[in-house]
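# Results of the structural survey
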Amino acid sequence: MRSEPGIMNGRSVLITEGQREASQGIAAALHALGDRVAATYVDARPAVPDFAVECDVTSPADVEYAVAHVEEVQGPIEVLVAGIGLANDVMLRPADERFVSVCDNHLVGSFRLIRAALDRMRDTGHGRIIFLNTELTGDLPRRYGATEAALRGFISTMIREEARYGITCNVVTLSMPAARARAAGRQPVMREPGAALTTAFSPEVTAAAETVKFLAAESAGTINGANIPVDRGFRMVS
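Let us look at the structure shown here.

## Some words on the overall build of the protein chain
Each helix and strand in the protein chain was counted, giving seven helices and seven strands. A total of 238 residues make up the protein chain; the buried ones form 49% of that total. Considering only intrachain contacts with a sequence separation of at least 6, the fraction spanning at least 24 residues in the protein chain is 72%. A total accessible area of about 11000 Å² is found for the protein chain, and carbon and sulfur atoms account for 55% of it.

## Things to note about the pattern of salt bridges
Under the criterion given, the structure shown has six salt bridges. Between E210 and K213 there is a salt bridge, with the nearest N and O atoms lying 3.2 Å from each other. Within this pair, E210 and its partner K213 are both found in helix 6 (residues 203-215), separated by three residues, close to a single helical turn. For E210, a relative accessible area of 40% corresponds to the partly exposed category. Given a relative accessible area of 22%, K213 falls into the partly exposed group.

## Quick word on helix 2 (residues 60-74)
Counted at 1.5 Å a residue, the expected span for helix 2 with its 15 residues is 21 Å, and the 21 Å between its end C-alpha atoms agrees. Among all positions in helix 2, only V63, A66, V67, V70, E71 and Q74 are buried. All buried residues of helix 2 lie within an arc of 125° about the axis, which places them on one face of the element. Of the exposed residues in helix 2, those oriented more than 90 degrees away from the buried face are A61 and E72. Phi for G75, located one or two positions after helix 2, is positive at around 90°.

## Quick notes on the pairing of strand 4 (residues 79-83)
Among the five residues that make up strand 4, five are buried, leaving the element largely enclosed by the rest of the structure. Here strand 4 shows a buried face lined by V79, V81 and G83 and a second buried face lined by L80 and A82.

Cut-offs and rules
- In every chain, residue numbers begin from 1 and rise along the written sequence.
- Given that this is a predicted model, residues contribute local features only at a pLDDT of at least 70 and side-chain atom pairs are listed and counted only at 80 or more, while totals for whole chains, interfaces and linings are drawn from all residues.
- Think of the side-chain values as coming from all heavy atoms in the structure, minus any hydrogens and water.
- What counts as a helix is a DSSP run of H or I of at least four residues, what counts as a strand is a run of E of at least two, and both are numbered from the N terminus.
- Exposed residues in this analysis have more than 50% of their type's maximum accessible area, buried residues have under 20%, and partly exposed residues fall in between, with area computed by a 1.4 Å probe over protein chains only.
- Residue contacts are defined here by distance: any two heavy atoms, one from each residue, within 4.5 Å place the two residues in contact.
- In this description, accessible areas are obtained by the Shrake-Rupley approach with a 1.4 Å probe, and a residue is regarded as covered only by the protein chains that are shown.
- Salt bridges are identified by distance alone: a Lys or Arg side-chain nitrogen within 4 Å of an Asp or Glu carboxyl oxygen.
- Working rule for helices: expected span equals 1.5 Å times residues minus one.
- Directions are taken from the helix axis to each C-beta atom, and the arc is the one they span.

Laid out in structure tokens, this is it:
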């Protein structure tokens, strides 16, 4: 495990959308390895093993503050897990506002986070960037198609450009029933500071967490540009 001189052992990890079940499952899995895990959130503080920082990815100032705060507390970010789902139901908004919201959360928000953390990753010659792409089966999963296509192009460029710095970029695509995903996103598990995280996660989230743990490992340095589905074979039969 890598660590910054003068900082406690374990990697510095930042996970976005910490209020969601998938993010909490990943946080718990990495924390169990001895990593120092921080998570961003909006509105409701999540149950993450280490600490949480409020951050709206549509705000450049919020992103810069969140990354700087995480680096100050637990050292330069070595593993960044960026969720590319939305925290609100954009289908209820007028068309123009909905489109802008999707782009700002998915594409531009991911760019802001990576830009803020990338320089330190390059300096250390090591980094893991993992996108968590949540698809909601039975709930218009293609409604973000244009933005997702642009994000894939962005990821493809990153794969080529950042490999020279020892930074990998992969995607984990998690397919969940829409009703379960909505419930997990809107009802964050709360806990007292310092208390153990004992939440039982769904099979899909557990599998996604194990996949992220594998991609974040030191031994996975040659895996770059993968898109790994966690979907019970949904893509093969759809």
